[in-house]
Amino acid sequence: MSAAGPHPVPAADAPVVVFDFDHTLYDGDSGSHLFAWLIRRSWLRTAVALALTPLLGPLVAMLPTRRRGISGYVWIATFGLHRRRDLDALIDRYVEANRAQMQARLLPAALEVFAAHRVAGDRVVVATGAPPELARAILSFVAHQDVPVIGTVVGPKFGAVAARRHCHHEEKMRMLREQGYGEIAMAYSDSTADLPLLKAARRAVVVNPKHSAVELFRRVLPAGTPILNWGCRDRAGDATGV
């Protein structure tokens, strides 16, 4: 895996390039890994999560209800925390304790493309459903911690720290626009939840999609949209560059 070198400061009118994080730059669901670790810290949290999985699992599996299902697991994982910085402190502990595993999950092919856009002077931004502190910490392994990250906003909720604003689907687009990323030149994502982002971009690139999602992407995105695999062995896509 090549390390990132120095990158030029993008001009204000430079092309905006948006990367999703999970299954795009990172092989897996970083947020799920974090909250599973938080749940496993306690036998009581583990027992509650197992007891509620027959309810929460099906919610997570379906796009319209995924946010509610994930929120349930996040509540179990963070019950007793009261401030965002409490969760950030646990994220830092988690990242340090699992550094080698997470660094191995960063996809070299994805990082090459990511770094090339930065070298070209593009305005690169990561937009993820994970907590932004988590994505920043993982990107710091490869010297990309200075890239802007827009992620799910968390705060106190029902005795825990939970999502106050989920960076997902149409909400991800609203959050990007609020931060000044209005016209998107390129977007990279694996997820059908990011179809609003991929459709808004002048050029979309689908990377590491689920096999079951390929036909939908081909149907709703412009003809010739690349569908690539950057190293996720259990995902679809052509094993080629952009």
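- As annotated in an unreviewed UniProt entry, the chain carries the name HAD family hydrolase and is attributed to Pseudoxanthomonas winnipegensis.

**Side note on the packing of aromatic side chains**
And step 1. One pass over the structure, following the stated rule, counts six aromatic pairs.
And step 2. Relative to Tyr26, the ring of Phe21 lies with its centre 5.5 Å away and its plane at 15°, an arrangement referred to as stacked. Like Phe21, the residue Tyr26 is buried in the burial classification.
And step 3. Ring geometry for Trp37 versus Tyr94: centroids 5.2 Å apart, planes at 50°, classification tilted. Taken together, the residues span a long stretch of sequence, with Trp37 in helix α1 (residues 30-40) and Tyr94 in helix α4 (residues 84-97) at a distance of 57 residues. When sorted by exposure, Trp37 lands in the same class as Tyr94, which is buried.
And step 4. Here a set of aromatic residues connected by ring pairs shows up, and it is made of Phe19, Phe114, Tyr188 and Trp230.

**Examining the nonpolar core**
And step 1. Counting residues in hydrophobic clusters, the biggest one holds 49 residues, and the most contacted among them are Phe19 and Tyr188.
And step 2. Counting residues in hydrophobic clusters, the runner-up holds 24 residues, among them Val125, Cys167, Leu176 and Ala213.

**A look at the environment of Tyr181**
And step 1. Take Tyr181: it is sitting in the loop between α8 (170-178) and β6 (186-189).
And step 2. Each C-alpha atom of the pair Tyr181 and Thr192 lies 21 Å from the other, and the pair is 11 residues apart in sequence.
And step 3. Not counting residues up to four positions away in its chain, the partners in contact with Tyr181 are Val16, Arg123, Val125, Pro148, Ile150 and Leu176.

**Considerations on the side chain of Asp190**
And step 1. Mapped onto the fold, Asp190 is located in the loop between β6 and α9 (195-200).
And step 2. Here Asp190 falls in the buried class, since its relative accessible area comes to 8%.
And step 3. A distance of 3.1 Å separates the side chain of Asp190 from the side chain of Arg235, its partner in a polar contact.
And step 4. Excluding residues that lie within four positions of it along the chain, Asp190 makes contacts with Asp20, Asp22, His23, Thr24, Val207, Asn208, Pro209, Phe217 and Arg235.

Criteria and cut-off values
Every chain's residues receive numbers from 1 upward, in the order its sequence appears when written. Restriction of local features to residues with pLDDT of at least 70 applies here, the model being predicted, together with a cutoff of 80 or more for giving and counting side-chain atom pairs; totals for whole chains, interfaces and linings are based on all residues. Only hydrogens and water are removed before side-chain values are computed, so all heavy atoms of the structure are retained for them. Only Phe, Tyr and Trp rings take part, Trp by its six-membered ring, and two of them pair if their centres are within 6.5 Å. Stacked means planes under 30 degrees apart, edge-to-face means over 60, and tilted covers everything else. Under the scheme applied here, a residue whose accessible area is under 20% of the maximum for its type counts as buried, over 50% as exposed, and between as partly exposed, the area being computed with a 1.4 Å probe on protein chains only. By the criteria applied, helices consist of DSSP H or I runs no shorter than four residues and strands consist of E runs no shorter than two, each listed in order from the N terminus. Here, the term nonpolar core denotes a set of buried Ala, Val, Leu, Ile, Met, Phe, Trp, Tyr and Cys residues that are joined through side-chain atoms within 4.5 Å. Note on contacts: a residue pair is in contact if any heavy atoms of the two residues lie within 4.5 Å. Think of a polar contact as two N or O atoms within 3.5 Å of one another; within protein, one of them needs to be a possible hydrogen donor and the other a possible acceptor, and neighboring residues in sequence only count if both atoms come from side chains.

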